Amino acid sequence: MPYLLEFPQGSRPALFVAREKRFLIHVLLDGRPVTAHTNNSGSMLGLLRPGMEVFLSPAASPGRRLPYTLEVVRPCGDWVGVNTLMPNRLLKRAWETRALPELRAYTDFTAEAKWGDSRLDAKLTGPDGEFWIEAKNVTMVEDGVACFPDAVTERGQKHLLELMDLAKRGVRVGVFLAVQRPDGQCFGPADFIDPRFAELFWQALDRGVEFFPHVVHASPEGIALGRRLPLVSRP
């Protein structure tokens, strides 16, 4: 399976020790303690276990206080990507390589496109018009269902409202869901964690927002795009 994204030179394996607050983790790198950054503000339920393997990328700026960023973790055999910037990067790379059928009709890609007072992850344009897309990272699976979010997300709720507003104006809109767990067989909103997000999810689906969840295969070698998952049956 071809890797659409590869990690930069200087990326390193390590062993997870503990998480501190939301954005710090402690690891053992070559046997010595190191504090690294994680940009994942979610709970990462079931993913962070002392002694497990993790993989870190070096900071883009040599002067940054934390020299590494957490990229992928290995809680129980399979690697799982936890860098929340990865879905955006993967979405753009999938457009560049024509790996996603949903994006092939569009010739231009604008990241962080402004809509009203907000920014959405991507705006694609082409002969058929515009396609506005949000990208989400999915790392939780319950009973074979890949679920999002893993913590209450007011930001995610807001994005669904914004996409519904665009859809009402006749614009094509969607959500790309990077499902980082190979054991996910379908996708559904995590109503047991964020009931409001789940309510908005079903409203958005009824109002024309497209959801395309794809399995993502992550490892220290890189990130590959897998099959599209069906949506769970509506409750």
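Residues numbered from 1 in each chain as written. Predicted model: local features only at pLDDT ≥ 70, side-chain atom pairs only at ≥ 80, totals over all residues. Heavy atoms only, no water.

### Observations concerning the overall build of the chain
For step 1, the next point in the chain: Each helix and strand in the chain was counted, giving three helices and 15 strands.
For step 2, the next point in the chain: For the chain, whose C-alpha radius of gyration is 18 Å, the value lies close to the compact-globule estimate of 18 Å for 235 residues.
For step 3, the next point in the chain: With the C-alpha coordinates aligned to their principal axes, the bounding extent of the chain is approximately 55 × 40 × 35 Å.
For step 4, the next point in the chain: For the chain, contacts bridging at least 24 residues in sequence account for 63% of all contacts bridging at least 6.
For step 5, the next point in the chain: Accessible area of the chain: about 11300 Å², with a carbon and sulfur share of 50%.
For step 6, the next point in the chain: Of the charged side chains in the chain, 29 are positive and 28 negative; the average position of the first set lies 4 Å away from that of the second. (Helix = DSSP H or I, 4+ residues; strand = E, 2+ residues; numbered from the N terminus. Rg over C-alpha atoms; globule rule 2.2 N^0.38 Å. Contact = heavy atoms within 4.5 Å. Areas by Shrake-Rupley, 256 points an atom, 1.4 Å probe, with all protein chains shown as cover. Lys, Arg positive; Asp, Glu negative; His and termini not counted. Charge placed at Lys NZ, Arg CZ, Asp CG, Glu CD.)

### Quick word on unusual backbone geometry
Across the chain, the bulk of peptide bonds are trans and the bulk of non-glycine residues have phi less than zero.
For step 1, the next point in the chain: The residue after Phe148, namely Pro149, is reached through a cis peptide bond having omega 0 degrees.
For step 2, the next point in the chain: Looking at the secondary structure, you find Pro149 in the loop between strand S11 (145-148) and helix H2 (154-168).

### Things to note about the packing of H2 against helix H3 (residues 195-206)
For step 1, the next point in the chain: Relative orientation of the contacting elements H2 and H3 amounts to 20 degrees, with a least axis distance of 9 Å. The angle between the axes of H2 and H3 places the two elements in the roughly parallel class. Considering only the axes of H2 and H3, their crossing is left-handed. Across the interface between the two elements, Gly156, Gln157, Leu160, Leu161 and Met164 from H2 touch Arg196, Phe197, Leu200, Phe201, Gln203 and Ala204 from H3. (Axes fitted to C-alpha atoms, helices over the stretch in contact; angles between N-to-C directions. Parallel < 35°, antiparallel > 145°, perpendicular 65-115°, else oblique. Left-handed = near helix turned anticlockwise from the far one by under 90°.)

### Some words on the packing of aromatic side chains
For step 1, the next point in the chain: The tally for this structure, following the rule as stated, stands at 10 aromatic pairs.
For step 2, the next point in the chain: Note on Phe148 and Phe197: the rings are 5.5 Å apart at their centroids and 65 degrees apart in plane angle, and the pair reads as edge-to-face. In this pair, Phe148 sits in strand S11 while Phe197 sits in helix H3, placing the two residues 49 residues apart along the sequence.
For step 3, the next point in the chain: Aromatic pair Phe201 and Trp202: ring centres 4.9 Å apart, planes at 90 degrees, arrangement edge-to-face. (Phe/Tyr/Trp six-rings, centres within 6.5 Å; stacked < 30°, edge-to-face > 60°.)

### Topic: the environment of His37
For step 1, the next point in the chain: One can find His37 in strand S3 (residues 32-37).
For step 2, the next point in the chain: Residues His37 and Ala59, 22 residues apart in the sequence, show an inter-C-alpha distance of 9.1 Å.
For step 3, the next point in the chain: In this structure His37 touches Phe23, Arg64, Leu66, Tyr68, Thr69 and Leu70, once residues within four positions along its chain are discounted.
For step 4, the next point in the chain: Within the structure, the side chain of His37 is placed 3.4 Å from the backbone oxygen of Phe23, a separation counted as a polar contact. (Polar contact = N/O pair within 3.5 Å; in protein donor to acceptor, adjacent residues only side chain to side chain.)

### Let's talk about the pattern of salt bridges
Two side chains with opposite charge may pair up if their charged atoms get near one another.
For step 1, the next point in the chain: Under the definition given, this model contains 11 salt bridges.
For step 2, the next point in the chain: Residue Lys168 pairs with Asp165 through a salt bridge whose shortest N-O separation is 3.9 Å. Of this pair, Lys168 and Asp165 both sit in helix H2, three residues apart, which is roughly one turn of that helix.
For step 3, the next point in the chain: Residue classification places Lys168 among the exposed positions, given a relative accessible area of 69%.
For step 4, the next point in the chain: For Asp165, a relative accessible area of 23% corresponds to the partly exposed category. (Salt bridge = Lys/Arg side-chain N within 4 Å of Asp/Glu carboxyl O. Buried < 20%, exposed > 50% of the residue type's maximum accessible area, 1.4 Å probe, protein only.)

Function-wise, these values are silent; they only describe arrangement.
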